[in-house]
Amino acid sequence: MTRDEAFLQFLLRMGDNTLILGHRVSEWCGHAPVLEEDIALANTALDLIGQTQMWLSLAGEIDGGKSADDLAFLRDAWDFRNVLLVEVPNGDFGRTLMRQFLFDAWHSIMLGRLMTSSDERVAAIAAKASKEVTYHLERSSDTVVGLGDGTEESHARMQEALDYLWPYVGEMFVSDDVDAEMVAAGIASNPSDLREEYDALVGRVLAEATLTTPESRFAHKGGRDGRMHTEHLGHLLTQMQWLQRAYPGATW
Amino acid sequence: MYAQMIKTAGTGVKSREEMSEQERAFQDKIDADIKIEPKDWMPDDYRATLIRQIGQHAHSEIVGQLPEGNWITRAPTLERKAILLAKVQDEAGHGLYLYCAAETLGVSRDEITEMLLDGRMKYSSIFNYPTLNWADIGAVGWLVDGAAIMNQVPLQRTSFGPYSRAMIRICKEESFHQRQGYDAIRKMAEGTPEQRKMAQDAMNRFWYPSLMMFGPSDKESVHSAQSMAWKIKINTNDELRQKFVDQTVPQAEYLGLTIPDPDLKWNEERGHYDFSEPDWSEFFDVIKGNGPCNVDRLAARNKAWDDGKWVRDGLLAHARKKRGAKVAAE
């Protein structure tokens, strides 16, 4: 694997995570439990789509001059490099916010490291995204605590969401050849090195939320390397890519 | 107009002789363009009318998220998706300012939300029409927000302070939305034959419902006269509709889109376009609940509210625990 090939994979992983999660969060539009949440969810989705534009634009440059839209709308499921966590369906509001929290915690640590990347373009994107993600994490943590330590029902729903999502956490910390190449180039940290900080952060919030962190370290994998996505991704792409696929070559 | 067919409370405009001393002083302030603020004395009918109008306007912003949200997951580019998300977020924000303005009149957001959900309060009839192709998102920005702006620009001068101030903020964002909508539909009008077809299809479906947004003619209406005397309403429905048509026709011509009205023509003598009235029986059907999407829109809002109950209860319970712990510590 050349450095450029690895760099492209790394950028797709970053950009596909934000693209797919941004899409999922935007599905809530107009259906949230309270008006403030509608605004916050739209705002989160908007930030994530903005970050996608930055990551995928850079990926497109490396990938022979493709546009971010080419990459978002014209690849098939096997080309996507997002972790499985972000493609699981929204479920109830509790699962959506728990998924957000589990991702935000990783995202904020990852971006913090990327701000000192040897690649200036990566560092610049990380610096911009990091400001937004700090806020995402603050909000999702507060909501997880509020609902975990709320009523009996809200506690039960949040525990259920955590139990369902926990097996998807491990994939964010798997390291492979792409990561080794990025570490060697000084572009990114090894994902496995983030786990300790993540566990401390997540453990603190979940404890405050009176939730029990599952003991199992079993991890569903296959998204980051495109080996095996969930059945859900294809349906998401069917919707997201429909206009571009149905009317090829049109500009919008 | 995001608030339409507002029934003005009361029995019509009183003469100065019929007014009490308080009512005279109130009317003098309005005539002198002094804003009425929440703690000022105001006639009960003025308060009731404003609650209906601001509430309906707020509900329209909230329900209006649904037809636009319908396309967020299918937006054709990342930029269009971002623009649409930002717009829908703005609309929800408008709902928030307006509910706050209504709360200054003594009704809570939950109270008027319940009234929306059980059908006692309405929202703009336009949101009972479906968004069927991507050009509809352009048409909603260009025509629907365009029509809303016609009404909201004068409302910046409305007599009730909090409503007027909310409207100033809202208008800034709405003008931006209208330009974005026009840009989206322009891109399609200049695009492939299929895109042009989508743009024309959107125009065909949204033209008359947009004209209906101003409500039926109210030149002779006693209710309207009272709202105008109170400066809750500044222009008649017909004035605003004419202004909208005059503004929109040249824009449609520029796009090469045909307005679905064979009788539309410039009237040199009047200095305005002559145009066909929308089908008012369709309008009254939609208002009564028989529009293409009424049932689905209300069901979606009710489902969001019911499904969200455990979330609201949970967050409230947590806030109470925190407050309790804080008090205990003090």
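Reading guide: rules and limits
Residues numbered from 1 in each chain as written. Chains lettered and ligands numbered in written order. Predicted model: local features only at pLDDT ≥ 70, side-chain atom pairs only at ≥ 80, totals over all residues. Heavy atoms only, no water. Helix = DSSP H or I, 4+ residues; strand = E, 2+ residues; numbered from the N terminus. Rg over C-alpha atoms; globule rule 2.2 N^0.38 Å. Buried < 20%, exposed > 50% of the residue type's maximum accessible area, 1.4 Å probe, protein only. Areas by Shrake-Rupley, 256 points an atom, 1.4 Å probe, with all protein chains shown as cover. Lys, Arg positive; Asp, Glu negative; His and termini not counted. Charge placed at Lys NZ, Arg CZ, Asp CG, Glu CD. Salt bridge = Lys/Arg side-chain N within 4 Å of Asp/Glu carboxyl O. Axes fitted to C-alpha atoms, helices over the stretch in contact; angles between N-to-C directions. Parallel < 35°, antiparallel > 145°, perpendicular 65-115°, else oblique. Left-handed = near helix turned anticlockwise from the far one by under 90°. Contact = heavy atoms within 4.5 Å. Nonpolar A, V, L, I, M, F, W, Y, C, P; charged D, E, K, R; others polar. Buried area = accessible area lost by both parts, 1.4 Å probe. Polar contact = N/O pair within 3.5 Å; in protein donor to acceptor, adjacent residues only side chain to side chain. Phe/Tyr/Trp six-rings, centres within 6.5 Å; stacked < 30°, edge-to-face > 60°. Expected span 1.5 Å × (residues − 1). Core = buried A, V, L, I, M, F, W, Y, C linked by side-chain atoms within 4.5 Å.

Asker: Help me understand the overall build of chain A in this model?
Answerer: Scanning chain A from N- to C-terminus turns up ten helices and zero strands. Put simply, chain A runs from its N terminus to its C terminus through helices and strands in the order α-α-α-α-α-α-α-α-α-α. In terms of C-alpha radius of gyration, chain A reaches 18 Å, essentially the compact-globule figure of 18 Å for 252 residues. Judged by the C-alpha coordinates and their principal axes, chain A covers about 55 × 40 × 30 Å. By the burial criterion, 60% of the 252 residues in chain A qualify as buried. Element-wise, carbon and sulfur atoms account for 51% of the exposed surface of chain A, whose accessible area totals about 9700 Å². Charge centroids of chain A, computed over 21 positive and 40 negative side chains, lie 3 Å from each other.

Asker: Just to check I follow, could you spell out the pattern of salt bridges for this structure?
Answerer: It is possible for side chains of opposite charge to pair when their charged atoms get near one another. If you walk through the whole model with that rule in mind, you get 38 salt bridges over all chains. Arg 24 of chain A serves as the salt-bridge partner of Glu 27 of chain A, at 2.9 Å between the closest nitrogen and oxygen. Among the residues examined, Glu 27 of chain A registers a relative accessible area of 28% and is labelled partly exposed. A salt bridge links Lys 29 of chain B to Asp 40 of chain B; the nearest nitrogen and oxygen atoms lie 3.2 Å apart.

Asker: Would you mind going over the packing of helix α2 (residues 44–63) of chain B against helix α7 (residues 161–189) of chain B with me for this structure?
Answerer: Pairs of packed helices are described in terms of their axes, by the angle between the two and the distance that separates them. Residue and element names in this part refer to chain B. Where α2 meets α7, the axes come as close as 13 Å, and the angle between the chain directions of the two elements is 25°. On the basis of their axis angle, the class for α2 and α7 is roughly parallel. Where α2 crosses over α7, the two elements pack in a sense that is left-handed. Seen from α2, the contacting residues are Leu 50, Gln 53, Ile 54, His 57 and Glu 61; seen from α7, they are Tyr 163, Met 167, Ile 170 and Glu 174. In terms of residue class, the contact of α2 with α7 is made up of five nonpolar, two polar and two charged.

Asker: Looking at this structure, I do not really get the interface of chain B and chain A. What am I missing?
Answerer: Frequently, the measure chosen for interface size is the accessible area removed from exposure when the parts meet. Contacts between chain B and chain A engage 48 residues on the former and 49 residues on the latter. Where chain B abuts chain A, roughly 4000 Å² becomes buried across the two surfaces, and 70% of that area is made up of carbon and sulfur atoms. Area buried by chain B at its contact with chain A is led by Thr 73, Leu 78 and Trp 310 of chain B, which between them contribute 21% of it. There are three salt bridges connecting chain B and chain A. Linking Arg 109 of chain B and Glu 36 of chain A is a salt bridge whose minimum nitrogen-to-oxygen distance equals 2.5 Å. Summed over the shared surface of chain B and chain A, the number is twelve residue pairs in polar contact (both at pLDDT 80 or more). Those elements that provide at least two residues to the side of chain B that touches chain A are α3 (65–69), α4 (78–103), α7, α8 (193–212), α12 (294–307) and α13 (309–329) of chain B. Looking at the side of chain B that touches chain A, the element that brings in the most residues is α4 of chain B, giving 14 residues.

Asker: Looking at this structure, how should I read the side chain of Gln 159 of chain A?
Answerer: Residues and elements named next belong to chain A. The topology assignment puts Gln 159 in helix α6 (residues 152–165). Relative accessible area serves as the criterion here: at 14%, Gln 159 is assigned to the buried category. Once you skip the residues sitting within four places of it in the chain, Gln 159 turns out to touch Leu 211 and Thr 212.

Asker: Is there a simple way to explain the packing of aromatic side chains in this structure?
Answerer: Each aromatic ring pair is summarised here by two numbers: the centre-to-centre distance and the angle between the ring planes. All names here are of chain A. Evaluation of the coordinates by the stated rule reveals 18 aromatic pairs over all chains. Ring plane angle 45° and centroid distance 6.1 Å describe the contact between Tyr 164 and Tyr 168, whose orientation is recorded as tilted. For Tyr 164, a relative accessible area of 31% corresponds to the partly exposed category. You can call Tyr 168 buried: its relative accessible area is 12%.

Asker: Explanation requested: helix α1 (residues 3–26) of chain A in the structure shown.
Answerer: For an α-helix the count is 3.6 residues per turn, leaving residues at separations of three or four pointing the same way. Across its 24 residues, α1 of chain A extends 34 Å between first and last C-alpha, which sits within 8% of the 34 Å expected from 1.5 Å per residue. By the criterion of burial, α1 of chain A is predominantly enclosed, with 21 of the 24 residues buried.

Asker: Looking at this structure, I do not really get the nonpolar core. What am I missing?
Answerer: Counting 138 residues, the largest nonpolar core has Phe 10, Met 98, Phe 101, Leu 102, Leu 114 and Tyr 198 of chain A as its most contacted members. Element by element, the count of residues in this core is highest for helix α4 (residues 93–114) of chain A, at twelve residues. Leave out the neighbours within four places in its chain, and Leu 114 of chain A touches Phe 10, Met 14, Trp 55, Val 122, Ala 123, Ala 126, Ile 187 and Ala 188 of chain A. Ile 62, Leu 98, Ala 101 and Ile 232 of chain B belong to the second-largest nonpolar core, a separate cluster that totals 29 residues.

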